Amino acid sequence: MQSQSRRTFLRGTSAIVASSLLASGRGSIARAAQGKRVRVGIIGATGKGDYGHGVDVAFTKLPHVEIVALADADPAGREKASKRTNPAKTFADYHEMLEKVPMDVVAICPRWIDQHHDMLVAAAEAGCHVYMEKPFCPTLAECDSAVEALKKKNLKLGIAHVSQYSPVLGVVQSLIKNGEIGDVLELRARGKEDQRGGGEDLWVLGSHMLGLMRSLAGENATSCSATVLKEGHKVTKSDVVAGAEGIGPLAGDNIQATYTFPGGVFGHFASRKGMGLNPSRFAIQVFGSKGIIEMESGYLAKAQILRDPSWSPGRSGKSWEPVTSAGIGKPETRTDGSYEGGHLAAINDLLDCIEHDKETLCSAEDSRQITEMIVSVFESHRLGRPVDLPVRTRVNPLTLLT
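Before going into details, it helps to say that this report is about the structure given with it. Here, residues in each chain are numbered from 1, in the same order as that chain's written sequence. Totals for whole chains, interfaces and linings use all residues, but because this is a predicted model, local features are given only for residues with pLDDT of at least 70 and pairs of side-chain atoms are given and counted only at 80 or more. In computing side-chain values, all of the structure's heavy atoms are included and hydrogens and water are not.

Considering unusual backbone geometry
Part 1 of the argument: Going from Lys134 to Pro135, the amide bond is cis rather than trans, its omega being -10 degrees.
Part 2 of the argument: The omega torsion of the bond from Leu389 to Pro390 falls at 0 degrees, within 30 degrees of zero and hence cis.
Part 3 of the argument: Looking at the element boundaries, Pro390 is found in the segment after β19 (387–388).
Part 4 of the argument: In the Ramachandran plot, Glu193 falls in the positive-phi region, its phi being about 60 degrees despite a non-glycine side chain. A run of H or I in DSSP counts as a helix once it spans at least four residues, and a run of E counts as a strand once it spans at least two, with each numbered from the N terminus.

Description of the side chain of Asp308
Part 1 of the argument: Secondary-structure assignment places Asp308 in the loop between β16 (303–306) and α10 (313–316).
Part 2 of the argument: Each residue is assigned to one of three classes by its accessible area relative to the maximum for its type, calculated with a 1.4 Å probe on protein chains only: buried under 20%, partly exposed between the two thresholds, exposed over 50%. Counted charges follow a simple rule, with Lys and Arg positive, Asp and Glu negative, and His plus the chain ends left uncounted. The term salt bridge refers to a pairing of a side-chain nitrogen on Lys or Arg with a carboxyl oxygen on Asp or Glu at a separation within 4 Å. Among buried Asp, Glu, Lys and Arg side chains, Asp308 stands out as unpaired, with Lys318 the closest opposite charge at 6.9 Å.
Part 3 of the argument: Polar contacts involving the side chain of Asp308 include one to the side chain of Ser310, which spans 2.7 Å.
Part 4 of the argument: What makes two residues a contact is simply this: any of their non-hydrogen atoms within 4.5 Å. Apart from the residues within four sequence positions on either side, Asp308 is in contact with Lys290, Gly291, Pro313, Ser316 and Lys318. Think of a polar contact as two N or O atoms within 3.5 Å of one another; within protein, one of them needs to be a possible hydrogen donor and the other a possible acceptor, and neighboring residues in sequence only count if both atoms come from side chains.

Structural notes on the nonpolar core
Part 1 of the argument: By convention a nonpolar core is built from buried Ala, Val, Leu, Ile, Met, Phe, Trp, Tyr and Cys residues, the set being connected through side-chain atoms within 4.5 Å. Membership of the largest hydrophobic core comes to 117 residues, with the highest contact counts inside it found for Phe59, Phe136 and Tyr259.
Part 2 of the argument: Looking at which element gives the most residues to this core, the answer is helix α12 (residues 364–383), with seven residues.
Part 3 of the argument: Those residues in contact with Tyr259 that sit more than four places away from it in its chain are Leu210, Met213, Ala221, Ser223, Cys224, Val265, Phe266, Gly267, Phe269, Met373, Ser376 and Val377.

Considering helix α5 (residues 116–125)
Part 1 of the argument: Counting buried positions over the ten residues of α5 gives eight, a clear majority of the element.
Part 2 of the argument: Of the residues making up α5, those classed as buried are His116, His117, Met119, Leu120, Val121, Ala122, Ala123 and Ala124.
Part 3 of the argument: Here the buried face of α5 lies against β1 (38–43), α4 (94–100), β4 (105–108), β5 (129–132), α6 (140–152) and β6 (157–159).
Part 4 of the argument: Backbone geometry just after α5 places Gly127 at a positive phi near 80 degrees.

A look at helix α3 (residues 75–85)
Part 1 of the argument: Where α3 is concerned, the buried positions are Gly77, Arg78, Ala81, Ser82 and Thr85. In an axial view of α3, the angular spread of the buried residues amounts to 135 degrees, which keeps them on one side of the axis. α3 presents Pro75, Ala76, Lys80 and Lys83 as exposed residues on the side facing more than 90 degrees away from its buried surface.
Part 2 of the argument: Tucked inside the fold, the buried residues of α3 contact β1, α2 (55–59), β2 (65–71) and β3 (89–91).
Part 3 of the argument: Its side-chain oxygen at 3.3 Å from the backbone nitrogen of Ala76, Asp74 defines the N-terminal cap of α3. As used here, the arc is the angular range of directions from the helix axis to the C-beta atoms.

See below:
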């Protein structure tokens, strides 16, 4: 773990970017220096993913932002969204909006991910940077296309994996780097394991955990070995169904996956339908030679450390200690721990990265790597063996089951 050099690890300790950073810059965002506003267009899809976790409303809370247009094919949904965000113009077709209204940033809001690729590529072709709801895209081929479309015009992407912007994450990364739990041996994460447990949980909520796994491992995963079960038997072609939220072909109510990372570190993700209780196990734990750090998902997420090499308070008598944005055992002084607080941090990070021409804390490439980890689960199951990452198969592996 001492060799960690990945950008996400090094930059994760400064996840918050104040909106005052908009006051200087270049290109379209430099207008803020003259007191002008950053032009934002909103794309929603009422009944087909709607507006995510309030992505649209978050933009109304930022200074130097002007919502110049909103697009939604549903008339009633478009009217309702307009009352929340007060756009200068509204459209039924987002292509028309992008063609007719100059803008700097497009907010892609629908939760349904089958629309993400087309919306993102259209925004990129119009020369717009993007902030969008997660997950990224449903296939690696679409991820590749989206990354290329953004890269072609040097455009930035921010995505609502709000845990990646948490000030607690930066503290946890520092504790790991400074050897507070010794050498990292393994990471373990589980989904929410509600009625979505298994394949859907992996996509919708596991994506948060896999993002944290990458950030805490400090590297990209290099391989995956996984098994996907349905009611106790290995998933076959007959078990594949149309997934919710535009996920596409989906299967499994029990996911068991192991990832390898450089330096001999292993990561584990699991989700089994109906196994989640209260409190939930939806979190990630980092096991080191001297102790454990646990971190929940979310912006300003709860975290705690057990400085115990046995990993067993029952044997050692050690106790868990809270970790906040202020450090170990210190009271949390921040009050912006809502989902909206995460959006605001992510959007401000995006605007700062546009200004300074650098990558966001959860960039298009980071988003593609998270999707690689998801897709590799189904590809490993299909082939019946470990698979290397990046995954060679760029279509949904479940479509190739025989």
